[in-house]
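Here is what each chain is made of, one letter per residue.
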2 protein chains.
Amino acid sequence: MIRIIAVGKVKEKGILDLINEYLKRMQGKVEIIEVRDLGKEKEGEKIMSLCEGKKIIAMDETGKEYTSEEFSDKIDGDMVFVIGGPEGLSDNVKKNEKIALSRMTFTHEMARLFLVEQIYRTFQIKKGTKYHK
Amino acid sequence: MIRIIAVGKVKEKGILDLINEYLKRMQGKVEIIEVRDLGKEKEGEKIMSLCEGKKIIAMDETGKEYTSEEFSDKIDGDMVFVIGGPEGLSDNVKKNEKIALSRMTFTHEMARLFLVEQIYRTFQIKKGTKYHK
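Residues numbered from 1 in each chain as written. Chains lettered and ligands numbered in written order. Predicted model: local features only at pLDDT ≥ 70, side-chain atom pairs only at ≥ 80, totals over all residues.

Student: Describe the relation of the copies chain B and chain A, with residues and values.
Tutor: Superposition of chain B onto chain A requires a rotation of 180° combined with a translation of 0.0 Å along the rotation axis, giving an RMSD of 0.0 Å. The transformation just described matches what one would write down for a two-fold rotation axis. Considering only C-alpha atoms, the part of chain B nearest the rotation axis is B:Gly14, at 1.6 Å. In this assembly the copies share their binding face: 100% of the residues contributing to the interface of chain B also contribute to that of chain A. (Least-squares fit on C-alpha atoms with pLDDT ≥ 70 in both. Contact = placed C-beta atoms within 7 Å.)

Student: Kindly report on helix α5 (residues 108-127) of chain A, identifying the contributing residues and their values.
Tutor: Residue and element names in this part refer to chain A. For α5, spanning 20 residues, the distance from its first C-alpha to its last is 29 Å, which sits close to the expected 28 Å at 1.5 Å a residue. Of all 20 residues making up α5, 14 are buried, and the element is well covered by its neighbours. Gly128 lies just past α5 and shows a positive phi near 75°. (Helix = DSSP H or I, 4+ residues; strand = E, 2+ residues; numbered from the N terminus. Expected span 1.5 Å × (residues − 1). Buried ≥ 20, exposed ≤ 12 C-beta atoms within 10 Å, placed from the backbone.)

Student: Please provide a residue-by-residue account of the sheet that holds strand β3 (residues 55-65) of chain B, values included.
Tutor: All names here are of chain B. What the five strands build is an open sheet, ordered β2-β1-β4-β3-β5; its pairing is parallel. The sheet terminates laterally at β2 (30-35) and β5 (97-100), the two strands that pair on one side only. Ignoring which end each strand starts from, the neighbouring axes of this sheet average 35° apart. For strand β1 (residues 2-7) and strand β4 (residues 79-83), the ladder comprises five bridges, and the chain directions are parallel. From the neighbouring strand, Ile2 faces β4, where its bridge partner is Met79. (Pairing = 2+ DSSP bridges. Axes fitted to C-alpha atoms, helices over the stretch in contact; angles between N-to-C directions.)

Student: Can you tell me about the pairing of strand β1 (residues 2-7) of chain A, naming the residues and giving the values?
Tutor: Residues and elements named next belong to chain A. For β1, the buried fraction is high: five of the six residues fall into the buried class. Here β1 runs beside strand β2 (residues 30-35); their pairing, made up of six bridges, is parallel. Bridged to Ala6 within β2 is Glu34. Handedness of the β1-helix α1 (residues 13-25)-β2 crossover: right-handed. (Right-handed = clockwise from strand over helix to strand, strands pointing away.)

Student: Just give me the short version of the environment of A:Asp78, but keep the residues and values in it.
Tutor: Residues and elements named next belong to chain A. Mapped onto the fold, Asp78 is located in the loop between α3 (68-74) and β4 (79-83). Using a count of 10 C-beta atoms within 10 Å as the deciding quantity, one classes Asp78 as exposed. Placed 55 residues apart in sequence, Asp78 and Leu23 show a C-alpha to C-alpha distance of 16 Å. Contact partners of Asp78, with chain neighbours within four places excluded, come to Met1 and Lys54.

Student: Residue-level account of the sheet that holds strand β5 (residues 97-100) of chain A, with values.
Tutor: In a beta sheet, neighbouring strands pair by backbone hydrogen bonds and run either parallel or antiparallel. Residues and elements named next belong to chain A. With parallel pairing, five strands are arranged side by side in an open sheet as β2-β1-β4-β3-β5. The strands lining the two open edges of the sheet, one partner per strand, are β2 and β5. Strand-to-strand twist of the sheet, defined as the mean angle between neighbouring strand axes without regard to direction, takes the value 35°. Sheet topology note: the strand β3 (residues 55-65)/β4 ladder contains five bridges and is parallel. Residue pairing for β4: Ala58 is matched across the bridge by Val82. Sheet strands touched by α5: β1, β2, β3 and β4. Its angle to β4, the strand with the most contacts, is close to 155°.

Student: Give me the interface of chain B and chain A: which residues, what numbers.
Tutor: Between chain B and chain A, the residue contacts involve 23 residues of the former and 23 residues of the latter. If you list the elements that add at least two residues to the side of chain B that touches chain A, you get α1 (13-25), α3 (68-74) and α5 (108-127) of chain B. Among the elements that take part in the side of chain B that touches chain A, α1(B) stands out by supplying five residues, more than any other. Looking at side-chain class alone, the side of chain B that touches chain A contains nine nonpolar, eight polar and six charged residues. (Nonpolar A, V, L, I, M, F, W, Y, C, P; charged D, E, K, R; others polar.)

What follows is the structure in structure tokens.
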């Protein structure tokens, strides 16, 4: 199971619908757990308690960038992606491997959609469907 | 006026609503012109005829990446951004300056949303609002 831990809720209905559509297409292989916006440090403790010793990737603007193919090579079935809230991620989360979706900053809601789409794309790359061609 | 020329239509209602919301917030400073999916070469001719000698930036995965701040420095009021269709952009469009939103590939619909949000973010950076802080 791939777990995405994200701070806060997605308020834009359009983005939420699309995220849910991708999750549905991935048939339970990916779950999203939302952590309440509690301030960076408390969020960090809560997030780490939800990682259960699994491989953690923190989504962070300072992280390494990958192409979709390179990203797909990094995905295995049991890992956790973390997306921070408006304050960003705490140091105990950021000490893990960090990946940047882009050098640009965008909204946390769009980051969540973007990540879910890339994970869906990974499955399609691995299956060899025309989605990524 | 900033013009975005994009190939094809946005079918995901959620993405379309959000794009329209950003356009509305920018109060007529940004317009989107859609070109029909006619194949790369014909699209390229049509796109160039809509650029009217203005500065052109082609959105392309092979382009240069910028942070949101660097991107905002590149924006002035009278220019054209081009987003290709599933086949990508023709050579006569790609010979212009190229910018990549990310090293990752994502859907053309999401590219359009992402670009519109970055242009909105540019206005907010220039105004110094808290949107980008």
